[in-house]
Amino acid sequence: MNLAKDPIPLLVRRIAFPASVGWFFNTMFNVVDTFWAGQLSAQAIAALSLSMIPFLGLLSLGIGLGQGTNALVSNALGAQQNERAVRLIAQALLLALVASGLVMLLGQTFTPVLYRHMGAEESYLEMALNYIDWLIYGCATFIINLTANAGLNAQGDTKTYRNALICGFLANIILDPLLMFGWGPFPQMGVEGIAIATILIQLGIVLYVITKVRQSSLGQQLRFKYFKPQQGLLRDLIRQGLPSTISMMFIALNFFVILFFISDYGKSAVAAFGVSTRIVQVMLLPTIGLNVAALSLTGFNFGAGDLHRVKEIWRTCMRIALLMMCICAVVLFAVPRLWLGLFTESPEILDVGESLLRVEAVLLPAYTTLFLGVAVLQGLKKPMFGMILGGYRLIIAPVILFWFFSEVLGYGLNGIWVGIFLTTCSGAVITWIFVKYTFLKITTQSV
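Predicted, not measured: the structure shown is a model, and the values here were computed from it. (Residues numbered from 1 in each chain as written. Predicted model: local features only at pLDDT ≥ 70, side-chain atom pairs only at ≥ 80, totals over all residues. Heavy atoms only, no water.)

1. A look at the side chain of Asn 153
With respect to the helices, strands and loops of the structure, Asn 153 is situated in helix α6 (residues 139–153). Asn 153 sits in the buried class, given a relative accessible area of 8%. (Helix = DSSP H or I, 4+ residues; strand = E, 2+ residues; numbered from the N terminus. Buried < 20%, exposed > 50% of the residue type's maximum accessible area, 1.4 Å probe, protein only.)

2. Digging into helix α10 (residues 267–303)
Maximal helix bending in α10 amounts to about 50°, located at Leu 285; proline Pro 286 follows within four positions. For α10, the tally of buried residues reaches 29 of 37 residues, placing the bulk of the element in the interior. A positive phi of about 80° marks Gly 305, the residue just after α10. (Bend = angle between axes of the 7 residues up to and from the residue.)

3. Comments concerning the nonpolar core
By size, the foremost hydrophobic cluster in this structure holds 148 residues, and its most contacted members are Leu 135, Ile 262, Leu 364, Trp 417 and Ile 420. Take this core: its biggest share by element is 17 residues, from α10. Contacts of Ile 420, omitting those with residues within four sequence positions, involve Ile 258, Leu 356, Glu 360, Leu 363, Tyr 367 and Phe 402. (Core = buried A, V, L, I, M, F, W, Y, C linked by side-chain atoms within 4.5 Å. Contact = heavy atoms within 4.5 Å.)

4. Some details on the state of the cysteines
By the definition in use, this model includes zero disulfides. Not engaged in a disulfide, the cysteine Cys 317 finds its nearest cysteine sulfur in Cys 326; these two sulfurs lie 16 Å apart. The exposure class of Cys 317 is buried, given its relative accessible area of 1%. Summary of cysteine pairing: Cys 328 is not part of a disulfide, and the nearest cysteine sulfur, belonging to Cys 326, is at 9.4 Å. (Disulfide = S-S within 2.5 Å.)

5. Here we look at the side chain of Thr 141
Within the secondary structure layout, Thr 141 lies in helix α6. Looking at Thr 141, the relative accessible area reads 10%, which means it is buried. When sequence neighbours within four positions are dropped, the list of residues in contact with Thr 141 reads Ile 199, Gln 202, Leu 203 and Val 206.

6. What about the pattern of salt bridges?
Inspection of the entire model under this criterion finds six salt bridges. Residue Asp 236 pairs with Arg 84 through a salt bridge whose shortest N-O separation is 3.2 Å. With Asp 236 in helix α9 (residues 231–262) and Arg 84 in helix α4 (residues 82–117), this pair connects stretches of sequence that are 152 residues apart. Its salt-bridge partner being Arg 239, residue Asp 236 comes within 3.2 Å of it at the nearest N-O pair. One end of the pair, Asp 236, and the other, Arg 239, are both in helix α9, three residues apart, so they sit about a helical turn from each other. Accessibility expressed as a relative area gives 51% for Arg 239, which makes it exposed. Each of Arg 337, Asp 351, Glu 354 and Arg 358 takes part in salt bridges that share partners, so that together they form one network. (Salt bridge = Lys/Arg side-chain N within 4 Å of Asp/Glu carboxyl O.)

7. A few points about the environment of Ser 216
Here Ser 216 is to be found in the loop between α8 (191–215) and α9. Residue class for Ser 216 comes out buried when judged on its relative accessible area of 11%. When the C-alpha atoms of Ser 216 and Ala 19 are compared, they prove to be 17 Å apart, with 197 residues separating the residues in sequence. Among the polar contacts listed, one links the side chain of Ser 216 to the backbone nitrogen of Gly 219, at a separation of 3.0 Å. (Polar contact = N/O pair within 3.5 Å; in protein donor to acceptor, adjacent residues only side chain to side chain.)

8. Notes on unusual backbone geometry
The backbone of Gln 80 shows a phi angle near 60°, a positive value even though the residue is not glycine. Along the chain, Gln 80 turns up in the loop between α3 (52–78) and α4. Positive phi, normally seen in glycine, also occurs at Lys 381, with a value near 60°. With respect to the helices and strands, the residue Lys 381 is situated in the loop between α13 (347–379) and α14 (384–408). We classify Lys 381 as partly exposed; its relative accessible area is 43%.

9. Details of the packing of aromatic side chains
On inspection of all chains with the given rule, the structure shows 11 aromatic pairs. Seen from their ring centres, Trp 134 and Tyr 137 are 5.9 Å apart, and the 85° between their planes marks the pair as edge-to-face. A residue pair is termed a helical-turn pair when its members lie 3 or 4 positions apart in one helix, as Trp 134 and Tyr 137 do in helix α5 (residues 122–137) at three residues. Looking at Trp 134, the relative accessible area reads 33%, which means it is partly exposed. For Tyr 137, a relative accessible area of 45% translates into the label partly exposed. (Phe/Tyr/Trp six-rings, centres within 6.5 Å; stacked < 30°, edge-to-face > 60°.)

10. Examining the packing of α4 against α6
Geometrically, a packed helix pair is captured by the angle between its two axes and the distance between the axes. Direction vectors running N to C along α4 and α6 enclose 160°, while the axes themselves pass 9 Å from each other. When the interaxial angle is binned, α4 and α6 end up roughly antiparallel. The two elements α4 and α6 cross, and the hand of that crossing is right-handed. Only Cys 139, Ala 140, Ile 143, Ile 144, Thr 147, Ala 148 and Gly 151 of α6 make contact with α4, whose side of the interface consists of Ile 89, Ala 92, Leu 93, Ala 96, Leu 97, Ala 99, Ser 100, Val 103 and Met 104. A breakdown of the residues in the contact of α4 with α6 according to their chemical character gives 13 nonpolar, three polar and no charged. (Axes fitted to C-alpha atoms, helices over the stretch in contact; angles between N-to-C directions. Parallel < 35°, antiparallel > 145°, perpendicular 65-115°, else oblique. Left-handed = near helix turned anticlockwise from the far one by under 90°. Nonpolar A, V, L, I, M, F, W, Y, C, P; charged D, E, K, R; others polar.)

11. Details of the layout of surface pockets
The calculated volume of the largest pocket comes to roughly 420 Å³. Residue lining of the largest pocket: 17 residues in total, with Ile 53, Pro 54, Gly 57, Leu 58 and Leu 114 positioned closest to the centre. Mapped by element, the contributors of at least two residues to the lining of the largest pocket are α3, α4, α5 and α9. Here the residues of the lining of the largest pocket are counted per class, giving 14 nonpolar, three polar and no charged. (1 Å grid on protein atoms, 1.4 Å probe; cavity = no way out; pocket = protein on both sides within 12 Å on 5 of 7 lines; lining within 4 Å. Points joined across faces, edges and corners; volume = space filled by probe spheres on them.)

Next comes the structure, spelled out in structure tokens:
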């Protein structure tokens, strides 16, 4: 495909569809984990829900580095600087190894303290730590996968990761029960078995994705000397990727804030939030591919200096995303208990999750505006907006609004749902305005 000349709608479909399919199976991978945990107990579901905070923190370095790599490699390709693009991929993989070591150190040090602050104790604490410890040990597989895949995405290849994620999902269906229940020759490992299955599958994906990177047009130009640390390129990658990393960490902190308030209402409320979050992730899956397409295409065409195509990318992706999310919103709002019932039969979890899912259904169009806006701005080499917005939307505003509505006004859990609604809607409005302002500013500067 020709990222500079092919029609934008065609390029969006060719890049977004495979990416969306891949991330569908990635999310279903997590859904399978939640399903099998539910076969153990409500406490097992709560333990996996608790893991979302450190796990997102773990992924934040990989996602931030991946988005930064995608943006810079796309810009270099658009400017026809192929050697710089190859060097960026090599330096990004080197940085991924360093980031993995940092995650292991921080994860082992702070996760037990974090869990205790969130009210986990005794068997609940032990189960949660048994699960997350394995993910921390294997963090390099996640971070390298995300970084290597960014190099493929920048070249328009989203099929490789799609294929890897589909195979990973199918393997997880088999490995989870084998290791968790100890079927056949395997020992019974409980929630640890779920985590070990995840790491084994991620390791297989690493080998496959790295092989495909090596076979790509840029990968064939990789030389060992390119992996020698290059201060300028490492600085560029850190400058571009760090804001996205911090934004992802804000998401992890947001889960901490939400669970901090929700935990006062018991383990069932925590489990309901975890299950509801998985369902919303499934609903948002069609837009993930659009985010990848928006970032890759914006980065390439901005590097090539074609601002008209950049604006068309934004309009095309937004129209498709809003249409899909309006349909998903109706489906989710109409029968929330049906979706929750796929994971649990607990009346307490169903009651709590029903009200939350209806709020989330209304917010689906707002979420896609947020995510697409940040992706386009990343491609325009303006990653700071996402970090600043994340600080407001995920930390500052929720703390204030959750406290005010749930405790001061006494709305309880419903007060937390009101806070989620207000922070998400206001963040979407701010994002829309800033994207339009950025387009106007860039156009004025280019005249």
